[in-house]
Amino acid sequence: MDAPLDSTPVSSIDEAIRLTAPGTALRHALDMIIAGNLGALICVGDSKKVLEAGNDGFPLNISFTANRLFELSKMDGAIVIDRDLTQIMRANFHLNPDPSLPTTETGMRHRTAARMSLLTNAMVISVSERRQVVHIYFRGESYQLRTVAELTARVSQLLATLQTTRQALDRSLLRLTSLELDNYVTLADIANIYSQFELLMVTDEHLQDYIAQLGCDGRTVEMQRMQLIGDMDNEYSLMIRDYASDSSIEAAQRIRKRFSELSAKNELDIKNIASVLGYPDRREDNVMVPLGLRTLSRISVVREGMADKIVDEYGSLQDLLDDIKQNPERLDEIGVRNSMILADSLLKMHERQQ
């Protein structure tokens, strides 16, 4: 009696990467296929639609193992596996996708894989016997699996870039704090830092992609990445809120998205930054007044949500500093705990910059 067909599709390209990452049984099988100078065509998930698009082959319905997949790849035709990689359902299966489905691939195996990924929601793996490379096809798109050595080399480059960018950003933010406490921040000052933040975030995004491709071999790198990136994501959003005409969290999210789009097109210049922040008429030497959210968040006694309450009360970091000198008790009146510690911390920060 045949086992029930698995109709569950692979849900995303991220899942496809996870299923083929180093350390997984599927990746072990693919490495053995490459080492054995073999080719293969493997469909994972959405088995019902996959089987409807072909014929013949051997019904197996046996437990999946890397060694079994390797041995079955010695036969012609495709191998059909359920999405959870628990069962090999067919081997030597002849796939016959609609030839009118568009593809730019040239080899027969790759063309079939590309069309099957359009016809179904399966992850389709094509191993080239001649070129000894593995391509993953998912919903019409493809990417080539890199070797662990290739991934490690790229990760090392990205880690170095992330570290250098973080160090430069830390220096810029330290200088910004000094300028903020002196009440002399220009549009050019913050524009440069937004560009640095974007470089940091793009580098981090690329690094995360490669870490995902490394699978279990990327755990140590992930710890390094987390240490380097720290709280910079939140710091970036707070700095945007400090200087945007609309300081809401929702506006900051929209601004970050727009900055990312401009950065990708190499158009994150001072004029565009000013426009996105809500100040289209400002020039690079115009003074910008921060709310103080970023600076307040660095003080340990400021609880979550209290920074917003403080800036709502005072309006700007400079107004807060001026008022603390004259009326430190006002912080108590708006419900700030340890108000004297907060006031003392801000005043000491200000004194160190003078």
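The rules we used
- Residues numbered from 1 in each chain as written.
- Predicted model: local features only at pLDDT ≥ 70, side-chain atom pairs only at ≥ 80, totals over all residues.
- Heavy atoms only, no water.
- Buried < 20%, exposed > 50% of the residue type's maximum accessible area, 1.4 Å probe, protein only.
- Helix = DSSP H or I, 4+ residues; strand = E, 2+ residues; numbered from the N terminus.
- Arc of directions from axis to C-beta.
- Contact = heavy atoms within 4.5 Å.
- Pairing = 2+ DSSP bridges.
- Domains from an automatic or database assignment.
- Buried area = accessible area lost by both parts, 1.4 Å probe.
- Salt bridge = Lys/Arg side-chain N within 4 Å of Asp/Glu carboxyl O.
- Polar contact = N/O pair within 3.5 Å; in protein donor to acceptor, adjacent residues only side chain to side chain.
- Nonpolar A, V, L, I, M, F, W, Y, C, P; charged D, E, K, R; others polar.
- UniProt positions renumbered as here; feature names shortened; annotations may be inferred.
- Core = buried A, V, L, I, M, F, W, Y, C linked by side-chain atoms within 4.5 Å.
- Axes fitted to C-alpha atoms, helices over the stretch in contact; angles between N-to-C directions.
- Parallel < 35°, antiparallel > 145°, perpendicular 65-115°, else oblique.
- Left-handed = near helix turned anticlockwise from the far one by under 90°.
- Phe/Tyr/Trp six-rings, centres within 6.5 Å; stacked < 30°, edge-to-face > 60°.
- Lys NZ or Arg CZ within 6 Å of the ring centre and 35° of its normal.

Caption draft 1: Expanded view of helix 8 (residues 219-229). Every buried residue of helix 8 is accounted for by Val221, Arg225, Leu228 and Ile229. Down the axis of helix 8, the buried set is contained in an arc of 90 degrees. They therefore lie on one face. Counted as exposed and oriented over 90 degrees from the buried face of helix 8: Arg219, Thr220, Met223 and Gln227. Elements in contact with the buried residues of helix 8: helix 6 (148-181), helix 7 (187-214) and helix 9 (232-243). Just beyond helix 8, the residue with positive phi is Gly230, at close to 50 degrees.

Caption draft 2: The pairing of strand 5 (residues 87-95), seen in detail. With seven of nine residues buried, strand 5 is to be regarded as a mostly interior element. One ladder, built from two bridges, connects strand 2 (residues 54-55) with strand 5; its direction is antiparallel. When the bridges of strand 5 are listed, Gly54 appears paired with Leu95. Two elements, strand 3 (residues 58-63) and strand 5, share four bridges in a ladder whose sense is antiparallel. From the neighbouring strand, Ile62 faces strand 5, where its bridge partner is Ile88. Where strand 4 (residues 78-81) meets strand 5, three bridges bridge the pair, whose relative direction is antiparallel. When the bridges of strand 5 are listed, Ile81 appears paired with Ile88. A loop of five residues connects strand 4 with strand 5, the two strands running antiparallel in sequence, and Leu85 in this loop sits at a positive phi of about 55 degrees.

Caption draft 3: The domain arrangement of the chain, seen in detail. Annotation of the chain at the domain level lists domain 1 (13-145), domain 2 (147-290) and domain 3 (291-353). The centre of domain 1, based on its C-alpha atoms, is set 39 Å off from the matching centre of domain 2. Summing both sides of the interface, domain 1 and domain 2 together bury roughly 520 Å²; the carbon and sulfur share of this comes to 61%. Considering only the surface of domain 1 that becomes buried against domain 2, Ile17, Pro22 and Arg27 emerge as the three largest contributors, covering 66% of it. The tally of links from domain 1 across to domain 2 stands at zero salt bridges. Linking domain 1 to domain 2 there are one residue pair in polar contact (both at pLDDT 80 or more). Here the residues of the side of domain 1 that touches domain 2 sort into four nonpolar, one polar and one charged.

Caption draft 4: Layout of the UniProt feature "domain: DAC" (unreviewed entry) in the chain. According to UniProt, the "domain: DAC" (unreviewed entry) feature falls on residues 10-148. With 32% helix and 29% strand, residues 10-148 has its two end C-alpha atoms placed 24 Å apart.

Caption draft 5: Representation of the nonpolar core in the model. Counting 41 residues, the largest nonpolar core has Ile190, Tyr194, Phe197, Met239, Phe259 and Leu277 as its most contacted members. Broken down by element, this core gets its largest block of residues, twelve residues, from helix 7. Counting residues in each nonpolar core, the second largest holds 31 residues, with Val10, Leu19, Met32 and Phe70 among its members.

Caption draft 6: Local environment of the packing of helix 6 against helix 8. With their axes 10 Å apart at the nearest point, helix 6 and helix 8 run at an angle of 15 degrees to one another. In terms of orientation, helix 6 lies roughly parallel with respect to helix 8. Here the hand of the crossing between helix 6 and helix 8 comes out left-handed. Across the interface between the two elements, Val155, Leu159, Leu162, Gln163 and Arg166 from helix 6 touch Val221, Gln224, Arg225, Gln227, Leu228 and Ile229 from helix 8. Broken down by class, the residue content of the contact of helix 6 with helix 8 amounts to six nonpolar, three polar and two charged.

Caption draft 7: Here's a closer look at the packing of aromatic side chains. For the coordinates displayed, the defined rule picks out three aromatic pairs. Relative to Phe259, the ring of Tyr194 lies with its centre 5.2 Å away and its plane at 45 degrees, an arrangement referred to as tilted. Of the two residues, Tyr194 sits in helix 7 while Phe259 sits in helix 10 (residues 249-264), which places them 65 residues apart along the sequence. Both residues of the pair, Tyr194 and Phe259, count as buried. Judged by centre distance (4.6 Å) and plane angle (5 degrees), the ring pair of Phe197 and Tyr236 falls under stacked. With Phe197 in helix 7 and Tyr236 in helix 9, the pair connects residues that are 39 residues apart, well separated along the chain. The class of Phe197 is buried, set by a relative accessible area of 0%. Through a chain of ring-to-ring contacts, three or more aromatic side chains come together here, namely Tyr194, Phe197, Tyr236 and Phe259. The ring of Tyr279 has Arg282 sitting right over it, with the charged end atom 4.1 Å from the ring centre.

Caption draft 8: Representation of the environment of Gln253 in the model. With respect to the helices, strands and loops of the structure, Gln253 is situated in helix 10. C-alpha separation for the pair Gln253 and Arg241, spaced twelve residues apart in sequence, amounts to 9.5 Å.

Caption draft 9: Structural context of the packing of helix 9 against helix 10. Helix 10 packs onto helix 9 with a crossing angle of 105 degrees between their chain directions and a minimal axis gap of 9 Å. Classed by the angle they form, the pair helix 9 and helix 10 counts as roughly perpendicular. Across from Asp233, Tyr236, Ser237, Ile240 and Arg241 in helix 9, the residues of helix 10 making contact are Ile249, Ala252, Ile255, Arg256 and Phe259. A breakdown of the residues in the contact of helix 9 with helix 10 according to their chemical character gives six nonpolar, one polar and three charged.

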